[in-house]
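Working through the structure, step by step
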Amino acid sequence: MSNIRAIRGMNDILPDVTPSWQYVETVIGSLMASYGYSEVRMPIVEQTDLFRRGVGETTDIVEKEMYTFLDRNEESLTLRPEGTAGCVRAAIQHGLLNTVQRLWYTGAMFRYERPQKGRQRQFHQVGAEAFGVASPDMDAEVILLTARLWRELGIAEDVQLQLNSIGNAQSRNAYRDALVAYLRERVDALDEDSQRRLDSNPLRILDSKNQETQAVLDGAPSLVDFLDEESAADFSRLRELLDAAGVAYSLNPRLVRGLDYYNKTVFEWVTDRLGAQGTVCGGGRYDGLVEQLGGKSVPGVGFAMGIERLVLLLEECGQLPPAEASADVYVVSFGDSAQTEALAAAEQLRDALPGLRIVQHNGGGSFKSQMKKADKSGARLALIWGDDEVAANTVSIKPLREQNNERVGQQSVARAELEQTLRALLAV
RNA sequence: GUGGCCGUAGCUCAUCAGGUAGAGCACCGGAUUGUGACUCCGGAGGUGGCGGGUUCGAGACCCGUCGGCCACCCCA
């Protein structure tokens, strides 16, 4: 056995699950199109500074989770830990932001964390970003889009929307001061991590899982009371829109997010069916980000979801499409001239019946072993060439999915009629 | 970075006062001439994660290390 293994937390996605991934990706692709979102593809590596400035210096992501290295030019590069910063960078760099812009992307992201259920170091996100609209109708759009996705995937009952507004920078600062003042008087009751965050990032104490900390927070000032007028009005309008659209949500005043660029609306779709990693999709508004990364002052709102978690959830909910066979037709031949004939015929069939999955038996072996392979391929039909067929210029067609033993149902057709017969048998 | 559990054939697991390993599935071959699935027979496949220690002897006990899973932190 080889000593070389995949890097911890970076998993191979093997043939038993790739159909599930393809299914999810296909559904998402057409969903995005149906809302007018265009796909963009950004590099996996960016200048480290992009994430420092975009995601935020004091976030966990930047502080301890990035894959950062020097390239041969001594330039500091980082494997992207999330997609928004790179998407914004690309949009600024190529001048896409002089109009409303709806973009989506998918790909691998990297965070140096201990792997656990629903979390790996290389993981895959689908994200969408809508630029250029500051009003909450756009917030509603991205949320409605995600809500539709759950319906299309059959998991609408298994995810819940949590919603909050964290206001603009000024109101958030005011709230932070009030929160810190309140918590300082109760430092001893806080868990260790929360004590540390009093200095670094006090808002994140809010979603601590520690019971005692949460008890302390019960008496804390509420973020809602500090919201600026515009944020409050927009939040109220967003809720109106969601109500009217029939999207259920619960208000979670302690929902903050771990990335610094958010303001106003933040949301998460969560599930209780994935162990500790319950967030399937998270997002919000980031009105200052474009400017902070060197662009004009362009508002934005978006979300990202984790494909691994989505696939896990679908599996958990029994909503993955049934496994399909990898072949429709399996071609068996015995002897050189038969194989020559079979190979050419298979190529002609692929020309004539595109989409038909034709697997050619290679590597020889007895008829028996070839038929075993044919059966295991899941193909509906075996095409059989032997000396008899070559001599008579025919092909034997054997159905494999019926229960009969012997050669019942097997037929011999003239070589010239093969294509037509297959069309009829397979209804293609 | 911290904690808990775990590491025996490709996969799921078993055995045993500590006396140098088995099963099921999967794989390969066979059961009269060129035909799968069910059944039967046979075969291949493990330096028991790695290193050290205790012992006459260790997969089984001890230590270390590496790896996996789950949880904390945080998020997708």
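Residues numbered from 1 in each chain as written. Chains lettered and ligands numbered in written order. Predicted model: local features only at pLDDT ≥ 70, side-chain atom pairs only at ≥ 80, totals over all residues. Heavy atoms only, no water.

**A closer look at the overall build of chain A**
Keep this limit in mind: Only runs of H or I of at least four residues qualify as helices and only runs of E of at least two qualify as strands under DSSP, and these elements are numbered from the N terminus. The reference for a compact globule is 2.2 Å times residues^0.38; the radius of gyration itself is calculated from the C-alpha atoms.
Regarding its fold elements, chain A presents 15 helices and 16 strands. The C-alpha radius of gyration of chain A comes to 28 Å, more than 25% above the 22 Å expected for a compact globule of 428 residues. Judged by the C-alpha coordinates and their principal axes, chain A covers about 95 × 55 × 45 Å.

**Some words on the pairing of strand 11 (residues 300–306)**
Here is the rule: For the exposure calls, accessible area comes from a 1.4 Å probe over protein chains only, and a residue counts as buried if that area is under 20% of its type's maximum, exposed if over 50%, partly exposed in between. By this definition, two strands are paired if DSSP reports at least two bridges between them.
Most of strand 11 sits out of view: seven of its seven residues are buried. Pairing of strand 6 (residues 122–131) with strand 11, which is carried by seven bridges, proceeds in the antiparallel orientation. Bridged to Ala128 within strand 11 is Phe303. Pairing of strand 10 (residues 279–285) with strand 11, which is carried by five bridges, proceeds in the antiparallel orientation.

**Concerning the pairing of strand 3 (residues 67–70)**
Bridge analysis of strand 3 against strand 4 (residues 76–79) gives four bridges, and the strand direction is antiparallel. Residue pairing for strand 4: Tyr67 is matched across the bridge by Leu79. Between strand 3 and strand 4, which pair antiparallel in sequence order, lie five residues; one of them, Glu74, sits at a positive phi of approximately 65 degrees.

**Describing the nonpolar core**
This is how it is decided: Side-chain atoms within 4.5 Å are what join buried Ala, Val, Leu, Ile, Met, Phe, Trp, Tyr and Cys residues into a set we call a nonpolar core. Contacts are assigned to residue pairs with any non-hydrogen atoms lying within 4.5 Å of each other.
Cys87, Val88, Phe131, Leu179, Leu183, Leu206 and Leu217 are the most contacted members of the largest nonpolar core, which totals 46 residues. Elements represented by at least two residues in this core include exactly helix 2 (48–55), helix 3 (60–64), helix 4 (84–93), strand 5 (101–110), strand 6, helix 6 (169–184), helix 8 (211–217) and helix 10 (289–292). When near neighbours in sequence (up to four residues on either side) are disregarded, Leu183 contacts Leu190, Leu198, Ile205, Val216 and Leu217. In this structure, Tyr37, Val142, Leu238 and Val247 belong to the second largest nonpolar core, which totals 43 residues.

**Focus on the sheet that holds strand 10**
To be explicit about the condition: Working convention: axes come from line fits to C-alpha atoms, limited for helices to the stretch in contact. Angles between N-to-C directions cover 0 to 180 degrees.
Read from one edge of the open sheet, eight strands run 1-5-6-11-10-9-7-8, paired in mixed fashion. Edge strands, defined here as strands with exactly one partner in the open sheet, are strand 1 (38–39) and strand 8 (250–251). Taken together, the two bridges between strand 1 and strand 5 define a ladder with parallel strand orientation. Within strand 5, the position partnered with Ser38 by the bridge is Leu103. Here helix 5 (residues 136–153) sits on the sheet and contacts strand 5, strand 6, strand 7 (160–165), strand 9 (263–270), strand 10 and strand 11; the angle it forms with strand 11, its principal contact strand, is near 20 degrees.

**Overview of a nonpolar patch on the surface**
The condition that has to hold: Each patch is built from residues that are more than 30% exposed by relative accessible area and take part in no salt bridge. Like charges join if they lie within 9 Å; nonpolar side chains (Val, Leu, Ile, Met, Phe, Trp, Tyr) join within 5 Å. To measure how exposed things are, a 1.4 Å probe is used in the Shrake-Rupley method; for residues, cover is taken only from the protein chains shown. Every case where a carboxyl oxygen of Asp or Glu lies within 4 Å of a side-chain nitrogen of Lys or Arg is listed as a salt bridge.
A cluster of nonpolar side chains, namely Ile44, Val45 and Phe69, defines an oily patch on the protein surface of about 210 Å² accessible area. If you trace the backbone, Ile44 turns up in the loop between strand 1 and strand 2 (45–47). Since its relative accessible area comes to 36%, Ile44 is described here as partly exposed.

**A look at the pattern of salt bridges**
Across all of its chains, the model carries 25 salt bridges by this definition. Across the salt bridge formed by Arg41 and Glu39, the nearest N and O atoms sit 3.1 Å from each other. The class for Arg41 is exposed, based on a relative accessible area of 72%. With a shortest N-O distance of 2.5 Å, Arg89 and Glu46 are connected by a salt bridge. Of this pair, Arg89 sits in helix 4 while Glu46 sits in strand 2, placing them 43 residues apart in sequence. Look at Glu46 and you get buried, because its relative accessible area is 8%. Linked by salt bridges that have partners in common, Asp60, Lys64 and Arg204 make up one network.

**Structural notes on the environment of Arg172**
On the secondary structure map, Arg172 appears in helix 6. Taking C-alpha positions, Arg172 is 9.5 Å from Lys264, a pair spaced 92 residues apart along the chain. Apart from the residues lying within four places of it in its own chain, the contact partners of Arg172 are Ile166, Gly167, Leu203, Tyr262 and Asn263.

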